[in-house]
Each structure stands twice: as structure tokens, then as C-alpha cells.
Amino acid sequence: MKLLSILRAEGRGQDMQAVVEQIPYARFLGISVDRKGNEITTIMPFTHDLVGNTTLPAIHGGAIGAFLEMTSVIQLLFDTACERLPKTIDVSIDYLRSGRPQTTYGRAIVTRHGRRVANVRSEIWQEERSKPIAVSHGHYLLTPY
Amino acid sequence: MDQFFNHLLEIPHARALGLTLVEYSDNRCLVKVPYAEHLVGDPDTGVIHGGVLTALLDNTCGMAVRTPGVPRSEVSMATLDLRIDYMGAAVPHQDILAEAICYKRTNNVAFVRASAFQTTADEPIATCVASFMFGTANEPREGDAGR
């Protein structure tokens, strides 16, 4: 991504908020990034467009999956300062609780960073960090196909 | 056109993504997401974000469990597990289709597989397997009402 190279050249390679602002789908989901030192948290405020079940109401499983994936990729970019977007090879999602009409937070950890592939685990929660609503683990390709 | 085709319009997130049901039969659904600028994941290339595929596949799998007339199609349910393999980037400015088949349903769980493609089903851009739990709570929760 051009932006990643520009940010890196400007010494802002870890400005993930600037990155999400450039990704149309991240803007559509309303995702922002909060950085405290070397830790980042992704934030997805509740909007009506995220609803998948209007009776409960609950956030759509697809929006939850997308937020987990965004959280994983942002963490990878933050950790590695690479200049291209990693490509998702696979992702496995466990849905633990229904997503309530509240702000959702996400954290990810790169469990292994190889030369070509990175393994990333993510979890997202709402009111209580100890009660995640969904977790994922995925593999990401760091080199072109 | 029967009522099932309107189902996606009642789901705000499906509406926001522009999902439309193309066709269905018992335990099987074909759903389309039209290319749109707000779904782009890489502004340099215009490629749709992988999260859109996740949402498309999740929704299509769920609908395959609920095609009209199949057993337990009216029971409330929730996604338990979703696993997706990405075979390659979607070609920009082209619609994406997803076909899901619910191949087994038990008293508690439905098992579904699906693939997403652009030209033909022989050339998938992503495949997935999902399981759904039947009989999950579907009453407004205390404290959430009206929010």
C-alpha cells in the first residue's frame, strides 16, 4: 500500500489510525485505533448498519468476523512495519457471545512471525475484557503469491 | 417473488453491504454482493476487503440453514464457528457470489459449507465451513431494549 511506504518514510510507520482512515471498508465499519505506548486497541462503535439480528438486537456475525480480521491485520502492520498489506490465507472464528449494541474493542497478538507466514490470534470484547464475544486465529501471507 | 427474497432487506448489515439473494432451493442459497467503493480493503488496487467475504459467507451459510420448508427453518440460531480459506483476491469492479449448502442438520447444530466466486463456481476465491447452533436466545435482552 502506497500509504504504508509514505508513513514509513515520514517515520510514522506505526500510525495505524492513519492507515485505517485510508481503508474504505474500515471507514464503513467505523473502526479506529487507540495506541498506548507499544500496545494498540481497535475500536468499533455500534451503529445500526452493523446489526444482524434486529430482535435481540445483535451485531452481524460477518461484521464481527470483519472486525477480528481488521484487528489482526492492523496488529501485524504495527509489529512488522511492512510496506504491503498482508494477505489472509485462512481464518477461523469462534463466536462466544452475541454482540450487543455497544462499542466493541479488539486486541491481537502475533504468535509467530515467519519469513513468509505470520500466525495471529485476535479477541474482541465489549464491556468486559474477560468476556470476549469472539476470538479468531488466522494465517497471513507476508510475501506476494 | 416470495418472502424469502426479502429476508436480506430486513438485516441492516446485509442491506448496508448490498447483499441480494439470487436463487435458492432446499438447503442451498446463492447470494450476491455487488462491487462498491465502501467495501474496498486496499485503496491502491480497489480489491474488496476480506471482511466483506466473511460477512457474505456467514450470511449465505445462515440462509442455507433457513430455506423455507426445511426442518427447523423457523428456529432461532447463531453462528458457532466459521472457518474461511482465501484462495486469492477478488477482481476489482466485479460482483462476488457465494453459494452455501447446508449438508447436515441435527437437533442442535447445522453444518454448512460454502464458496465465494466471481466467474464460475469452479474458480473459488474463498471457501468456508460453518456450524450454527439452533435454539439460541432470541428475545430482547434486559437493558438493550430501545437502544
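Keep in mind the model is a prediction, meaning the values are calculated, not measured. (Residues numbered from 1 in each chain as written. Chains lettered and ligands numbered in written order. Predicted model: local features only at pLDDT ≥ 70, side-chain atom pairs only at ≥ 80, totals over all residues.)

Visitor: Help me get a handle on the confidence of the model for chain B, residues and values and all.
Guide: A residue-level look at chain B finds 95% of positions with pLDDT of 70 or above and a mean pLDDT of 91. Predicted complex metrics record ipTM = 0.92 and pTM = 0.93. (pLDDT = per-residue confidence, 0-100.)

Visitor: Outline the interface of chain B and chain A, supporting the account with residue identities and numerical values.
Guide: In this assembly, 36 residues from chain B lie in contact with 36 residues from chain A. Sorting the residues of the side of chain B that touches chain A by element identifies helix H1 (12–17), strand S3 (40–42), helix H2 (50–65) and strand S5 (77–86) of chain B as the ones contributing at least two each. Considering every element that reaches the side of chain B that touches chain A, the biggest residue donor is S5(B), with nine residues. Relative to S5(B), strand S5 (residues 87–95) of chain A runs antiparallel, the two sharing five bridges. Bridging across to S5(B), Asp90(A) finds its partner in Asp85(B). (Contact = placed C-beta atoms within 7 Å. Helix = DSSP H or I, 4+ residues; strand = E, 2+ residues; numbered from the N terminus. Pairing = 2+ DSSP bridges.)

Visitor: Can you tell me about the sheet that holds strand S2 (residues 28–33) of chain B, naming the residues and giving the values?
Guide: Ordered by their spatial adjacency, twelve strands build an open sheet running S1(A)-S2(A)-S6(A)-S7(A)-S8(A)-S5(A)-S5(B)-S8(B)-S7(B)-S6(B)-S2(B)-S1(B), and the pairing between neighbours is antiparallel. Edge positions in the sheet fall to strand S1 (32–36) of chain A together with strand S1 (20–25) of chain B, since each of these pairs with one other strand and no more. Each strand axis lies, on average, 20° off the axis of its neighbour in the sheet, ignoring direction. Bridge analysis of strand S7 (residues 117–125) of chain A against strand S8 (residues 132–141) of chain A gives nine bridges, and the strand direction is antiparallel. The partner of Ile124(A) across the bridge, within S8(A), is Ala134(A). (Axes fitted to C-alpha atoms, helices over the stretch in contact; angles between N-to-C directions.)

Visitor: Can you lay out the nonpolar core for me, pointing to particular residues and giving the numbers?
Guide: Core analysis: the biggest nonpolar cluster contains 82 residues, and Phe67(A), Ile74(A), Leu56(B), Leu57(B) and Val112(B) have the highest contact counts within it. For this core, the element with the most residues is helix H4 (residues 61–80) of chain A, which contributes eleven residues. Not counting chain neighbours up to four residues away, the residues in contact with Ile74(A) comprise Met16(A), Val19(A), Val20(A), Val33(A), Ile40(A) and Thr42(A). (Core = buried A, V, L, I, M, F, W, Y, C linked by C-beta atoms within 7 Å. Buried ≥ 20, exposed ≤ 12 C-beta atoms within 10 Å, placed from the backbone.)

Visitor: Talk me through the packing of H4(A) against H2(B); I want residue IDs and the actual numbers.
Guide: In the contact formed by H4(A) and H2(B), the axes pass within 8 Å of each other and the chain directions differ by 155°. Judged by the angle between their axes, H4(A) and H2(B) are roughly antiparallel. Judged by the sense of rotation from one axis to the other, the crossing of H4(A) with H2(B) is right-handed. Each of Gly61(A), Gly62(A), Ala63(A), Gly65(A), Ala66(A), Glu69(A) and Met70(A) in H4(A) lies in contact with H2(B), whose residues at this interface are Gly50(B), Gly51(B), Thr54(B), Ala55(B), Leu56(B), Asp58(B) and Asn59(B). Along the lines of polarity and charge, the residues of the contact of H4(A) with H2(B) split into five nonpolar, seven polar and two charged. (Parallel < 35°, antiparallel > 145°, perpendicular 65-115°, else oblique. Left-handed = near helix turned anticlockwise from the far one by under 90°. Nonpolar A, V, L, I, M, F, W, Y, C, P; charged D, E, K, R; others polar.)

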